[in-house]
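What follows is each chain in one-letter form.
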Amino acid sequence: MSRPVALECESLSKHYGGLLAVQDVSFRVYVGETLGLVGPNGAGKSTVIDLITGVQRADRGRVVVDGRVLKGSPSHRANAGGLGRTFQHPQLSPDLTVYENMLVNVTARQLHSPAGQIRSLLRGLLRPTYGQAEPEVRRVAADVGVNDVGRLCSDLDLGSMRVVEFARALAQRPKVLLLDEPFVGSDAATLEHVTAALTRVREAGCGVILVDHNVDLVASIVDRIVLMSGGRVVFDGDPAECLASDEMRRVYFGSRRAHT
Ligand SMILES: Nc1ncnc2c1ncn2[C@@H]1O[C@H](COP(=O)(O)OP(=O)(O)O)[C@@H](O)[C@H]1O
Ligand SMILES: [Mg+2]
């Protein structure tokens, strides 16, 4: 039985000047699967995320989500394409509260649908939409351990900002969630909240791409690993097999066998 595909990258390539940052990268994420995208610094991981989300334009290749080719701006891909994401450096509005930061995403999703646009016009601007979104924002925040949604984001430490960004992405009800280095600066409690939330996201059928340089940590969380080196995919498969592979040794230790 073939598994339903949430997202597929087909032959993505991107160069910056003379540098081939991403070369002919293809991989799939299945519905309800968490994929670890790993590789050393400069391997091309963040560029792949940028190409999927539309922050950068690919020279070649395409990305298909839920059977449709992704096109257009990052916000279009988020709202119409079903992509949720967090950033390597959290991008929350510091002068807004946690609640307000999350609300923006929920209402953007609701407003994006033609029915939502007509509804909001008829009902007079955003007020009714905000009202509908409030219980959802609180529920999603509580799900990842964020209970004080009235705090200003400028008062949060880095780990808490990451959790709030994660909650904000979930509030969009994404089909695919992209997490770029979500554990940097996180304490043990944050790590626990995020991994528990990831389990629920997976159960809800969302595909997840988890980028991190900590291969051991990623291997303990994900269903499958794509290993990149020099802009190319060099391994795609089971996490334990990846850790034990020649490719892994070559990429991280520069030799075929680590013990020789
Ligand atoms: N906007 C850019 N302009 C020029 N070079 C870039 C840009 N973004 C990334 N690169 C280069 O592309 C390569 C891949 O980078 P990146 O995708 O950030 O790798 P990773 O996330 O795996 O560390 C690196 O050599 C990096 O210096
Ligand atoms: Mg990166």
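The paragraphs below set out a description of the structure included in this document.

**Some thoughts on the overall build of the protein chain**
Piece 1. The helix and strand tally for the protein chain stands at ten helices and ten strands.
Piece 2. In the protein chain, which comprises 260 residues, the proportion classed as buried is 46%.
Piece 3. Considering only contacts in the protein chain between residues 6 or more positions apart, those separated by 24 or more positions represent 69%.
Piece 4. Total accessible area computed for the protein chain in this model is approximately 12800 Å², and 51% of it derives from carbon and sulfur atoms.

**Overview of the pairing of strand 9 (residues 224–229)**
Piece 1. In terms of burial, strand 9 is largely enclosed, as five of its six residues are buried.
Piece 2. For strand 3 (residues 34–38) and strand 9, the ladder comprises four bridges, and the chain directions are parallel. Within strand 9, the residue paired with Val-38 across the bridge is Leu-227.
Piece 3. Across five bridges, strand 9 lies against strand 10 (residues 232–237) in antiparallel orientation. Each bridged residue has a counterpart across the sheet, and for Leu-227 the counterpart in strand 10 is Phe-235.
Piece 4. Between strand 9 and strand 10, which pair antiparallel in sequence order, lie two residues; one of them, Gly-230, sits at a positive phi of approximately 55°.

**Here we look at the nonpolar core**
Piece 1. Val-98, Met-102, Val-144, Val-146, Phe-166 and Leu-177 are the most contacted members of the largest nonpolar core, which has 43 residues in total.
Piece 2. For this core, the element with the most residues is helix 6 (residues 158–170), which contributes six residues.
Piece 3. Not counting residues up to four positions away in its chain, the partners in contact with Phe-166 are Thr-86, Val-144, Leu-177, Leu-179, Val-194, Ala-197 and Leu-198.
Piece 4. One finds Val-22, Val-63, Val-65 and Leu-70 within the second-largest nonpolar core, a separate group that totals 25 residues.

**Thoughts on the packing of helix 6 against helix 7 (residues 188–203)**
Piece 1. Remark: helix 6 packs on helix 7, axes separated minimally by 10 Å, with the N-to-C direction vectors making an angle of 15°. With respect to helix 7, the axis of helix 6 lies roughly parallel. Crossing hand, helix 6 versus helix 7: left-handed. In this structure, helix 6 uses Gly-159, Val-163, Phe-166 and Leu-170 to contact helix 7, whose residues at the interface are Thr-190, Val-194, Ala-197, Leu-198 and Val-201.
Piece 2. Classifying every residue of the contact of helix 6 with helix 7 gives seven nonpolar, two polar and no charged.

**Side note on the side chain of Glu-181**
Piece 1. For Glu-181, the location among the structural elements is in the loop between strand 7 (176–180) and helix 7.
Piece 2. Buried within the structure, Glu-181 lacks any salt-bridge partner; Lys-45 is the closest side chain of opposite charge, at an N-O distance of 4.9 Å.
Piece 3. Within the structure, the side chain of Glu-181 is placed 2.8 Å from the side chain of His-213, a separation counted as a polar contact.
Piece 4. With residues near it in sequence (within four places) discarded, Glu-181 still touches Lys-45, Gln-88, Arg-162, Val-211, Asp-212 and His-213.

Rules behind the numbers
- Residues numbered from 1 in each chain as written.
- Chains lettered and ligands numbered in written order.
- Predicted model: local features only at pLDDT ≥ 70, side-chain atom pairs only at ≥ 80, totals over all residues.
- Heavy atoms only, no water.
- Helix = DSSP H or I, 4+ residues; strand = E, 2+ residues; numbered from the N terminus.
- Buried < 20%, exposed > 50% of the residue type's maximum accessible area, 1.4 Å probe, protein only.
- Contact = heavy atoms within 4.5 Å.
- Areas by Shrake-Rupley, 256 points an atom, 1.4 Å probe, with all protein chains shown as cover.
- Pairing = 2+ DSSP bridges.
- Core = buried A, V, L, I, M, F, W, Y, C linked by side-chain atoms within 4.5 Å.
- Axes fitted to C-alpha atoms, helices over the stretch in contact; angles between N-to-C directions.
- Parallel < 35°, antiparallel > 145°, perpendicular 65-115°, else oblique.
- Left-handed = near helix turned anticlockwise from the far one by under 90°.
- Nonpolar A, V, L, I, M, F, W, Y, C, P; charged D, E, K, R; others polar.
- Lys, Arg positive; Asp, Glu negative; His and termini not counted.
- Salt bridge = Lys/Arg side-chain N within 4 Å of Asp/Glu carboxyl O.
- Polar contact = N/O pair within 3.5 Å; in protein donor to acceptor, adjacent residues only side chain to side chain.

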